[in-house]
Amino acid sequence: MAGLYIHIPFCKSRCTYCDFFSTTDETRVNAFVEALRLEAELRKSEVDEPVKTVYFGGGTPSRLQAKHLDTLFETLYRCYPIESTAEVTVEANPDDLTEGYLSLLTQQPVNRLSLGVQSFNDKELRLLSRRHTAQEATDAVKHAQEQGFHNISIDLIYGLPRQTEAVWQENLNRATELQVPHLSAYHLIYEEKTPIYALLQAGKVTPVDEETSNAMFAMLIDWMTQHNFIHYELSAFGKEGFFSRHNSAYWKGEKYLGLGPSAHSFDGSSRSWNVASITEYIHGVTSGEPYQEMERLSRTERYNEFILTGLRTTWGVNLPELRYRFGEELYRYCLENARKHIDRNLLVTEKEALKLTRDGLFISDGIMSDLMWVGKSTINNKIQAYENS
Ligand code: SF4
């Protein structure tokens, strides 16, 4: 079992770019925590392996109060075989991380914090409707370090409207000055139904052009690697020993159990997800009515996920494992489709794994989709071409 994921669907306010499931109505936190406690009890038989990671995501888990954390940690540790060395991460908003709240977290088994900083520029923070300032983000990291949290990750977003390379560089400078051992950096995506998407549609914001996006991604990679971070996943950089164990397990296809509304689970062959509604979730858990959907993944769907998650990482797609798990046909299909990218130095095989090169990182989506299975007749045609060549 890779881990437990716990979705906390509350935020004090909503950010303009976010399409995660959460609500600003915090009047139901107590009822929600009680339902979550019950779900954890009801689903304990689904976990039959030691739990190596526990991840509180959201939403904003730092909206939980001491009594909620007490209840949830007591329940999780009683119901699940969580290893004593487990990585236990809590996502937090910088303005929630007061010294008082941090002190409260030190009394729980939390040993990793993931802070939604997003930017160290106040203008950008306002555009994103973040509720903290750059100074508050800096203070939150420093206070966390003073209270003994050294495994800290911060999130940044780049490619914001009107963001210049100089501003992005300033963000990177501030991130590394803080001496945190992990950074996740995401390009802004204009998700439908978000306020920033509406601004885009109304012509009130202009996306950065592709050249600027690529330049910012290159700056990110260069800056972080110069500062001894390992670029171990497309969006993730960690110092040695500080990679996210929870996310790494996910990218390696390990099992996880997700609790809370909208949380996903994977048992090695099926994927399931809880309803994205607090009302329906509480009702379902407490009444016994269904609140989950499930799909059994076909062999080719599992192959596609293997390609997608493997290529994202520095470990790449392990070719002997691919052949063993998915058979000769898909193995050959993968190699045939990889060939043109290898010839153009976008993919490389190293230690029997297929990996993106630095140039390949910039067009990873296209390469992944080329390697994914698209249909039986296409496979046969491509394999035939491979065998005839
Ligand atoms: S980005 Fe985080 S804090 Fe902002 S609305 Fe989304 S989940 Fe809430």
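For every chain, the first residue of the written sequence is number 1, and numbering continues from 1 onward in sequence order. Restriction of local features to residues with pLDDT of at least 70 applies here, the model being predicted, together with a cutoff of 80 or more for giving and counting side-chain atom pairs; totals for whole chains, interfaces and linings are based on all residues.

### Details of the overall build of the protein
We count it as follows: In DSSP terms, a helix is any run of H or I states spanning at least four residues, a strand is any run of E spanning at least two, and both are numbered starting from the N terminus. The globule rule used for comparison is 2.2 Å times the number of residues to the exponent 0.38, while the radius of gyration itself is calculated over C-alpha atoms. Residues are called buried when their C-beta atom has 20 or more other C-beta atoms within 10 Å, exposed when it has 12 or fewer, and partly exposed otherwise; all C-beta atoms are positioned from the backbone. Whether two residues are in contact is decided by their C-beta atoms, placed from the backbone, lying within 7 Å.
Of the regular secondary structure elements, the protein holds 15 helices and 15 strands. Taking 389 residues into account, the globule formula puts the C-alpha radius of gyration at 21 Å, and the protein, at 22 Å, falls close to it. Residues classed as buried in the protein amount to 39% of the 389 residues present. Intrachain contacts of the protein at a sequence separation of at least 6 include 71% that bridge at least 24 residues.

### A few points about the site of the ligand
The test is simple: By definition, a residue lies near a molecule or strand when the C-beta atom built from its backbone is within 6 Å of it. Residues were grouped as follows: Ala, Val, Leu, Ile, Met, Phe, Trp, Tyr, Cys and Pro as nonpolar; Asp, Glu, Lys and Arg as charged; and all remaining residues, including Gly, as polar.
Around the ligand, the structure places Cys11, Arg14, Cys15, Cys18, Phe20, Ser22, Gly58, Gly59, Thr60, Asn93 and Gly116. Split into classes, the residues belonging to the shell around the ligand amount to four nonpolar, six polar and one charged.

### Some details on the sheet that holds strand S15 (residues 353-356)
Short version of the rule: Here, a strand pair is defined by DSSP locating no fewer than two bridges between the strands.
As summarised here, the arrangement of the three strands in space is S13-S15-S14, forming an open sheet in which the pairing is antiparallel. Looking at strand neighbours, the two that pair on one side only are strand S13 (317-318) and strand S14 (347-350), the edges of this open sheet. Relative to S15, S13 is paired through two bridges, and the arrangement is antiparallel. What sits directly across from Asn318, in S15, is Ala353.

### Here's the deal with the environment of Gln108
For Gln108, the location among the structural elements is in the loop between helix H3 (99-106) and strand S4 (112-118). For Gln108, a count of 16 C-beta atoms within 10 Å gives the class partly exposed. Taking the C-alpha atoms as reference points, Gln108 and Arg344, 236 residues apart in sequence, are found 50 Å from one another. Among all residues touching Gln108, those that are not within four sequence positions of it are Leu69 and Phe73.

### So, the domain arrangement of the protein
What counts here: For every domain, the bounds stem from an assignment made automatically or drawn from a database.
Along its sequence, the protein is organised into domain 1 (3-250) and domain 2 (299-388). Just the C-alpha atoms count here: the centres of domain 1 and domain 2 sit 31 Å apart. At the junction of the two partners, domain 1 supplies seven residues and domain 2 supplies six residues. Examining the composition of the side of domain 1 that touches domain 2, we find that four residues originate from one element, strand S7 (residues 230-233), more than from any other. Along the lines of polarity and charge, the residues of the side of domain 1 that touches domain 2 split into four nonpolar, two polar and one charged.

### Quick notes on the environment of Leu38
Structurally, the position occupied by Leu38 is in helix H1 (residues 29-42). For Leu38, a count of 14 C-beta atoms within 10 Å gives the class partly exposed. Each C-alpha atom of the pair Leu38 and Leu69 lies 14 Å from the other, and the pair is 31 residues apart in sequence. When neighbours within four sequence positions are excluded, Leu38 is seen to be in contact with Val285 and Thr286.

### A look at the packing of H1 against helix H10 (residues 278-287)
What counts, and what does not: A fitted line through C-alpha atoms serves as each axis, taken over the contacting stretch for helices, and the angle formed by two N-to-C directions is quoted from 0 to 180°. Working definition: roughly parallel below 35 degrees, roughly antiparallel above 145 degrees, roughly perpendicular at 65 to 115 degrees, and oblique for all remaining angles. Crossing handedness follows the turn of the near helix against the far one: under a right angle anticlockwise gives a left-handed crossing, and clockwise gives a right-handed one.
Here H1 crosses H10 at 45°, and the two axes come no closer than 9 Å. As the angle between them shows, H1 and H10 are arranged oblique. The hand of the H1/H10 crossing is left-handed. Two secondary-structure elements touch here, H1 through Ala31, Phe32, Ala35, Leu38 and Glu39 and H10 through Ile278, Tyr281, Ile282, Val285 and Thr286. Considering only residue class, the contact of H1 with H10 consists of eight nonpolar, one polar and one charged.

### Description of the nonpolar core
Selection rule: We define the nonpolar core as any set of buried residues of the types Ala, Val, Leu, Ile, Met, Phe, Trp, Tyr and Cys, connected via C-beta atoms lying within 7 Å of each other.
Counting residues in hydrophobic clusters, the biggest one holds 82 residues, and the most contacted among them are Leu4, Val141, Ile154 and Leu183. Excluding its chain neighbours within four sequence positions, the residues that come into contact with Leu4 are Val51, Val54, Leu76, Tyr80, Tyr256, Leu257 and Leu259. Formed by 18 residues, the second largest nonpolar core is a distinct cluster that contains Val317, Leu347, Leu371 and Trp373.

### Some details on the pairing of S4
A large share of S4 lies buried, amounting to seven of its seven residues. Relative to S4, strand S3 (residues 82-92) runs parallel, the two being bridged by four bridges. Bridge pairing in S4 places Thr89 opposite Arg112. Bridge count for S4 against strand S5 (residues 152-158) is four bridges, and the pairing is parallel. Opposite Gln118, over in S5, you have Leu156 as the bridge partner.

### Let's talk about the environment of Thr206
When you line up the elements, Thr206 lands in the loop between helix H7 (195-201) and helix H8 (210-226). For Thr206, a count of 10 C-beta atoms within 10 Å gives the class exposed. Each C-alpha atom of the pair Thr206 and Arg162 lies 7.3 Å from the other, and the pair is 44 residues apart in sequence.

### Structural notes on the pairing of strand S9 (residues 256-259)
With burial as the criterion, each face of S9 is covered, one bearing Tyr256 and Gly258 and the other bearing Leu257 and Leu259. Alignment of strand S1 (residues 3-8) against S9, held across four bridges, turns out to be parallel. Residue pairing for S9: Gly3 is matched across the bridge by Tyr256.

### Notes on helix H2 (residues 66-79)
Counted only if it meets this: A helix is expected to span 1.5 Å for every residue after the first. This arc corresponds to the set of directions leading from the helix axis out to the C-beta atoms.
Under the 1.5 Å per step criterion, the end-to-end length of H2 is 20 Å for 14 residues, consistent within 8% with the ideal 20 Å. Within H2, the full set of buried residues consists of Leu69, Leu72 and Leu76. Axial view of H2: buried residues confined to an arc of 75°, hence all on one face. Away from its buried face by more than 90 degrees, H2 exposes Lys67, Glu74 and Arg78. Buried residues belonging to H2 abut S1, H1, strand S2 (51-58) and S3.

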